[in-house]
Amino acid sequence: TGVQRVSIQGEGDVRFVSGVNLSTQGLTLEAGSLDINDSKITLNGAYEAGFKVRDEMTLRGASTIHSLSPTGKKSSKEGGAKTLNIISGQLTLEAKSEIWTKNAAGKSSDNKPIANLQIQSGLISLDEAHVGSSTFNQSKAGDVEIEAEGLSLHDSVIGSVNSTQANAGDVTINTGQIVLAEE
């Protein structure tokens, strides 16, 4: 069997060097700063997951954080919706990096979200990156909530996608300043 839960605590820098592939049912990470380079973090949704980074959290080199609803979960009533929580002083996603929640394929009996995403940050900067949620069953895609003092998007996407007849998730962005740019 795989790792059930992972807890990482560091007062200074935490770095995922190139090629890390972490798959776990739950993750709690607290650090002064977090640098994820050319790595994949897959959360299999059995538990809440969270990143609490005092300063800067950076994903680069096509790094991904994916939070998946548990396979076989038939509705949001089975243990309630799981949320990926990210709190940081600054959040930066470089080219082809993404943070995404996904409802697993399979049968579902309701149209309520199973895998949600919440991000709170002083400044969020996305450069050719993706943040959001999707569904591959009849449960609503996860809700996406973003709260930031400033938000900068360059050829990037924040959204929610449905690949079935279920609803896309709600996307709520609360920011003091937003900059949108394309090449």
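As shown above, the structure is provided for reference.
Residues numbered from 1 in each chain as written. Predicted model: local features only at pLDDT ≥ 70, side-chain atom pairs only at ≥ 80, totals over all residues. Heavy atoms only, no water.

1. Examining the overall build of the protein chain
Stage number 1. Counting its secondary structure elements, the protein chain contains zero helices and 14 strands.
Stage number 2. The helix and strand sequence of the protein chain, counted from the amino end, reads β-β-β-β-β-β-β-β-β-β-β-β-β-β.
Stage number 3. Counting only carbon and sulfur atoms, one obtains 46% of the accessible surface of the protein chain, whose full area is about 8800 Å². (Helix = DSSP H or I, 4+ residues; strand = E, 2+ residues; numbered from the N terminus. Areas by Shrake-Rupley, 256 points an atom, 1.4 Å probe, with all protein chains shown as cover.)

2. Considerations on the nonpolar core
Within soluble globular proteins, side chains that are nonpolar generally end up buried alongside one another.
Stage number 1. Counting residues in hydrophobic clusters, the biggest one holds 34 residues, and the most contacted among them are Leu-34, Ile-41, Phe-51, Met-57, Ile-65, Leu-84 and Ile-99.
Stage number 2. At the level of elements, β2 (13-16), β3 (21-31), β4 (33-37), β5 (40-43), β6 (49-60), β8 (82-93), β10 (115-127) and β12 (144-154) are the ones that each hand at least two residues to this core.
Stage number 3. Ignoring anything within four residues of it in the chain, the contact list for Ile-99 reads Leu-59, Ile-65, Leu-84, Ile-86, Leu-91, Leu-93, Leu-117, His-130, Val-131 and Gly-132. (Core = buried A, V, L, I, M, F, W, Y, C linked by side-chain atoms within 4.5 Å. Buried < 20%, exposed > 50% of the residue type's maximum accessible area, 1.4 Å probe, protein only. Contact = heavy atoms within 4.5 Å.)

3. Section: the pairing of β4
Moving residue by residue along a regular strand, the side chains alternate between the two faces of the sheet.
Stage number 1. Most of β4 sits out of view: four of its five residues are buried.
Stage number 2. Pairing of β2 with β4, which is carried by four bridges, proceeds in the parallel orientation. Bridge assignment links Phe-16 to a residue of β4, and that residue is Ile-36.
Stage number 3. Judged from the four bridges that link them, β4 and β6 form a sheet pairing that is parallel. (Pairing = 2+ DSSP bridges.)

4. Thoughts on the side chain of Ser-156
Stage number 1. Secondary-structure assignment places Ser-156 in the loop between β12 and β13 (157-162).
Stage number 2. Within the local environment of Ser-156, its side chain forms a polar contact with the backbone nitrogen of Ala-129, the two atoms lying 3.0 Å apart.
Stage number 3. At 2.9 Å, the side chain of Ser-156 and the backbone oxygen of His-154 are in polar contact.
Stage number 4. If we ignore the near neighbours within four places in the chain, the residues touching Ser-156 are Leu-126, Asp-127, Glu-128 and Ala-129. (Polar contact = N/O pair within 3.5 Å; in protein donor to acceptor, adjacent residues only side chain to side chain.)

5. Topic: the pattern of salt bridges
Pairing of side chains with opposite charge becomes possible as their charged atoms draw close.
Stage number 1. One pass over the full model with this rule turns up six salt bridges.
Stage number 2. The shortest N-O distance in the salt bridge between Asp-143 and Lys-140 comes to 3.2 Å.
Stage number 3. Here the salt bridges do not stand alone but share partners, grouping Asp-13, Arg-15, Asp-35 and Arg-60 into one network. (Salt bridge = Lys/Arg side-chain N within 4 Å of Asp/Glu carboxyl O.)

6. A short note on the pairing of β10
Stage number 1. Bridge count for β8 against β10 is eleven bridges, and the pairing is parallel. By the bridge assignment for β10, Leu-84 is matched with Leu-117.
Stage number 2. Across ten bridges, β10 lies against β12 in parallel orientation. Each bridged residue has a counterpart across the sheet, and for Ser-121 the counterpart in β12 is Ala-148.

7. Focus on the side chain of Ser-33
Stage number 1. Relative to the assigned elements, Ser-33 resides in strand β4.
Stage number 2. By relative accessible area, which is 18% here, Ser-33 ends up buried.
Stage number 3. Discounting residues that sit within four places of it in the chain, Ser-33 has contacts with Gly-12, Asp-13, Val-14, Val-53, Asp-55 and Glu-56.

8. Here's the deal with the environment of Ile-36
Stage number 1. Assignment of secondary structure puts Ile-36 in strand β4.
Stage number 2. Of the residues examined, Ile-36 reaches a relative accessible area of 0% and is grouped as buried.
Stage number 3. In this structure the C-alpha to C-alpha distance between Ile-36 and Leu-59, which are 23 residues apart in sequence, comes to 4.8 Å.
Stage number 4. Apart from the residues within four sequence positions on either side, Ile-36 is in contact with Phe-16, Ile-41, Thr-58, Leu-59, Arg-60, Ser-63 and Ile-65.

9. Overview of the environment of Ala-181
Stage number 1. The topology assignment puts Ala-181 in strand β14 (residues 171-181).
Stage number 2. Take Ala-181: its relative accessible area is 37%, and that puts it in the partly exposed class.
Stage number 3. Spatially, the C-alpha atoms of Ala-181 and Ser-156 are 8.7 Å apart, while their sequence positions differ by 25 residues.
Stage number 4. Beyond its immediate chain neighbours, meaning those up to four positions away, Ala-181 contacts Leu-153, His-154 and Asp-155.

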